[in-house]
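# An overview of the molecular structure
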Amino acid sequence: MPDRTESYMTLCPVGQMIATSLDGASERAVLVAADGTTLYMNPPAKGFLCKTSQKHVTDFLVTDDWLNVKHCCVVMQNGTSTHNFRNITVRQLDICPCCSQQYYVIYICGKYERVRKVVDNSLDAVFTVDESGIICTVNKASLKLFGYEEHELVGQDIKIICGGGHGEHHHQYMKNYLQTGIKKVIGKKREVPARKKDGTEFPVELGLQEISSQGGEKRFFVGFIKDLTQLKAHEDELQERRALAEGMINASFEPMIEIDDKGEIKLVNQAACALLGYTREEFIGSNISMICGGGHAEKHASYMKKYMETGVKHIIGRKRQVKARRKDGSEIEVELGVQEVTMRGGKKAFCGYIRDLTQQKKDKRALIKQQQLIHGKFFGSE
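In what follows, the accompanying structure is described. (Residues numbered from 1 in each chain as written. Predicted model: local features only at pLDDT ≥ 70, side-chain atom pairs only at ≥ 80, totals over all residues. Heavy atoms only, no water.)

Here we take up the environment of Gly207. Take Gly207: it is sitting in strand E9 (residues 201–212). The spacing of Gly207 and Lys189 is 18 residues in sequence and 4.4 Å in space, taken between C-alpha atoms. Those residues within four positions of Gly207 in sequence are excluded, and the remaining contacts are Lys188, Lys189, Val222, Gly223 and Phe224. (Helix = DSSP H or I, 4+ residues; strand = E, 2+ residues; numbered from the N terminus. Contact = heavy atoms within 4.5 Å.)

As C-alpha cells, then:
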C-alpha cells in the first residue's frame, strides 16, 4: 500500500479503503475532508498536481467554491497554473460509519487531457475563444504557425492574429452574431489573411464552430486554421505555367483547338480565330461541330460517342485532309491532326492541330498548269 502518511492526517480504516480504491483509478483523484483539507492523492494526481505537502483543496484548484466547481485552472507540479480549464467532478460520499467524517472525492478529468493531447498533435492550428474574443486555448501547431509562446496568446484578444485589417472589426463581427444569431461564417470555411508575431501576413483557410461549456452557461468558438501558403504558391506556379502554355499556343502560326469528351471547345488560339472567322468568345463553350464541313457536322457527336465506347482510333494520332467551315459559311481544305490527352481523374481532352491547305492547293494547281504549258510547248500539243 502506498505511503499515505507523508504530510496528510492519518486516515481512518474506511478512509484507507477509499484511498486504496482511488489507487486503481486512471483519473486524477483526490480525497478531501468537508473543510477542504486534502487527505490523499492517487498516483496520477500526485504526478500532476502541486506538491503533496499542500494542505487545502484550493492549493491545487484555482477556485473559491470547490464544492460546486465544474471546471477551473489547476496548479501543477511545478507550481504554475494551467492556462486552460480542467473539468472537475466533485462527489460527496456517505458519512464514514467509523469516524463520522464527511468525505469528498475530486476527479480532475483525464478525458479532457486525452482530448487535449489529440488536439495538440493536430497538424492544423486549433484555437478556442470566448464570447468576448479572448483566446482560451491554443494547440502546438498554432504556436508553431504564428510564432508565439502559449502564454503570449492565451488571454489575448483573437485580433492579435487577424490580418487584412479585420482585427479592428472582429469585436463588431462577434457582437453582430451574438445579437442576431445569423451565421455568416460559423459552420463554414473561408479564406482569410492571418498575421504572425513578426507582423507578416499569410493566407489561411479558417473554419469556425460554436460550442458551449459543460453547463451550457458559456459559449465558445473553435477555429480550425490551415496554412495555405504552399498551396497558394503552387497555384501561382500552375497559373504561371498555364499562362506560359497559353502564350505559346497563341504565338503558334498553326491553328489549335482543345475540346472535351462532349465536343465542347475549351481552348482556342488566335490563329484558329483568324482562319475560321470566329472570336475567342464565340468559340469557347460552343461545340466543335460548328466548324465541321463536308457534311460531317451533324455526324460528329456520333463519331465521338463511338470512339468513347469502343476506343478504336480512326483519326486519333493521324493526319488527314478534311473540310472546315468558316463563320461566313465557306468551306476550306485543311489538314487535321488530333491528339488525345488524359486529364486528372481519367477525364479525356482532345487537341486538334489545323493547317490551312488553301494556298497549298492553289500552288499545286498552278504548278500542274505550268507543267502542262511546258509540256505542250516542247511537244507541240498547244
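Read on, since the account is not over.
Moving on, we come to the sheet that holds strand E8 (residues 189–195). A sheet is described by the order of its strands in space; here 5 strands give the open sequence E7-E6-E10-E9-E8, paired in antiparallel fashion. Each having just a single partner strand, strand E7 (135–138) and E8 make up the two edges of the open sheet. Strand-to-strand twist across the sheet, computed as the mean angle between neighbouring axes with direction ignored, equals 35°. Lying over the sheet, helix H6 (residues 170–180) contacts strand E6 (125–130), E9 and strand E10 (219–227), oriented at roughly 130° with respect to E10. (Pairing = 2+ DSSP bridges. Axes fitted to C-alpha atoms, helices over the stretch in contact; angles between N-to-C directions.)

As a further point, take H6. All of the buried residues along H6 are His170, Met174 and Tyr177. Looking straight down H6, one finds that the buried residues subtend no more than 65° of arc, so they occupy a single side. Elements that come into contact with the buried residues of H6 comprise E6, E9 and E10. Phi turns positive one or two residues past the end of H6, at Gly181, with a value near 75°. (Buried < 20%, exposed > 50% of the residue type's maximum accessible area, 1.4 Å probe, protein only. Arc of directions from axis to C-beta.)

If you walk through the whole model with that rule in mind, you get 16 salt bridges. We note a salt bridge from Arg242 to Glu246, for which the minimum N-O separation is 3.1 Å. Of the two residues, Arg242 and Glu246 are both situated in helix H7 (residues 229–251); the distance of 4 residues between them amounts to about one turn of the helix. Taking the relative accessible area as the measure of exposure, Glu246 reaches 31% and is therefore partly exposed. (Salt bridge = Lys/Arg side-chain N within 4 Å of Asp/Glu carboxyl O.)

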